[in-house]
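In case you want the letters, here they are:
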Amino acid sequence: MKGPLFYSKILLFGEYGIIQDSKGLSIPYNFYNGALKTDKNPSEEAISSNGHLKRFVAHLKNLAVEQPTLVQFDLVTLEQDVNKGMYFDSSIPQGYGVGSSGALVAAIYDKYAQNKITVLENLTREKLLELKTIFSQMESFFHGKSSGLDPLNSYLSIPILINSKDNIEATGIPTQSLDGKGAVFLIDSGIVGETAPMVNIFMENLKDQGFRNMLKTQFVKYTDSCVENFLGGDMKSLFANTKKLSKVVLSHFKPMIPEEFHAIWQKGIDTNDYYLKLCGSGGGGYILGFTEDLERAKTSLKDYKLEVVYQF
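All of the points below concern the structure found in this document. Bear in mind that the values here come from a model prediction, so they are computed numbers and not experimental data. (Residues numbered from 1 in each chain as written. Predicted model: local features only at pLDDT ≥ 70, side-chain atom pairs only at ≥ 80, totals over all residues. Heavy atoms only, no water.)

Turning our eyes to something else, we now look at the environment of Arg212. Inspection of the secondary structure puts Arg212 in helix α7 (residues 209-232). Judged by relative accessible area, which is 35%, Arg212 ranks as partly exposed. The sequence separation of Arg212 and Thr223 amounts to 11 residues, and the corresponding C-alpha distance is 15 Å. Not counting chain neighbours up to four residues away, the residues in contact with Arg212 comprise Leu206 and Lys207. Looking at Arg212, its side chain comes within polar contact range of the main-chain oxygen of Lys207, at 3.3 Å. (Helix = DSSP H or I, 4+ residues; strand = E, 2+ residues; numbered from the N terminus. Buried < 20%, exposed > 50% of the residue type's maximum accessible area, 1.4 Å probe, protein only. Contact = heavy atoms within 4.5 Å. Polar contact = N/O pair within 3.5 Å; in protein donor to acceptor, adjacent residues only side chain to side chain.)

See below:
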């Protein structure tokens, strides 16, 4: 038995900013995926995943009691399937900022939610927000606090534009050009990132007036501009604003950037070969890169394997 596939996601713009009501843009990333499965001879990974699912079921049972109007699941069937050894078979790396828990949440909702909202119906803003609310409560089991965007992206498998906390919409992104020189890419930091500690550092920093001002006047401003430039296909402005964003992150989000990447982060800004930014909460996992010339970026970052996400 194997269920439908749910893909990983990449938040191109908006990490941390969306907590402060910046714009954001999240796209599905089909390179990684996961599905619910049951095997006769489960591997160690499958047994471990099944243990996670058992704890997740307990979380969903609590939700049913605490928020009965939020969403109803067929908990009886879910529990039976989990007791038979069901697990989440996933190629999505955990702690890498590409939505491993989001895909699992999407798969469970898809299979066990009653009266579920589907991608086939007219996705009004209200329906998208309702899904996002449901998913944020489901995913809070993994991160403590979740926006619900990762599972939303994985479930619908379409780009999502975040205008503000209460205003999200499905969107189209400029068509890829596979022979284009410009690209968005991922670099593997080789370190697993933990979301909760990074978010805690950010929340602690928010208590500082200077940090809050920097967020509003620089970080959120450049993030919003990047989203608008990308969707409008204005690549010249996109790179100018991504460079500004990269500088701000290096200055004010240092704890979220693994130490061995501080120098190559600065090198990108100095040479204009590429600009780096956080992918998800940072602290490890993937680092996101933007370049106007992919070959030049590959030469400049020859010690790292670049995984191309999008070419234009």
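There is more to say, and it comes next.
In this section: the packing of aromatic side chains. In the structure shown here, the tally under the stated rule is 23 aromatic pairs. Where Tyr16 meets Phe202, the ring centres are 4.8 Å apart and the plane angle is 35°; that geometry is what we call tilted. Of this pair, Tyr16 sits in the loop between β1 (6-13) and β2 (24-37) while Phe202 sits in helix α6 (residues 195-205), and the two are 186 residues apart along the sequence. Taken as a pair, Tyr16 and Phe202 share a single burial class, namely buried. Their ring planes at 70° and their centres at 5.9 Å tell us that Phe202 and Phe211 sit as a pair that is edge-to-face. According to the relative accessible area criterion, Phe202 is buried, its value standing at 0%. Using a relative accessible area of 9% as the deciding quantity, one classes Phe211 as buried. Through pairs of rings, three or more aromatic residues link up here, namely Phe13, Phe230, Phe239, Phe290, Tyr310 and Phe312. (Phe/Tyr/Trp six-rings, centres within 6.5 Å; stacked < 30°, edge-to-face > 60°.)

A word on the pairing of β2. Counted residue by residue, β2 has 11 buried out of 14 residues, so it is predominantly covered. Alignment of β1 against β2, held across 7 bridges, turns out to be antiparallel. Opposite Tyr7, over in β2, you have Asn33 as the bridge partner. In terms of strand pairing, β2 meets strand β4 (residues 160-164) through 3 bridges, oriented antiparallel. Of the residues in β4, the one forming a bridge with Ser26 is Ile160. Judged from the 4 bridges that link them, β2 and strand β3 (residues 87-90) form a sheet pairing that is antiparallel. Across the sheet, residue Ala35 finds its bridge partner in β3, namely Asp89. (Pairing = 2+ DSSP bridges.)

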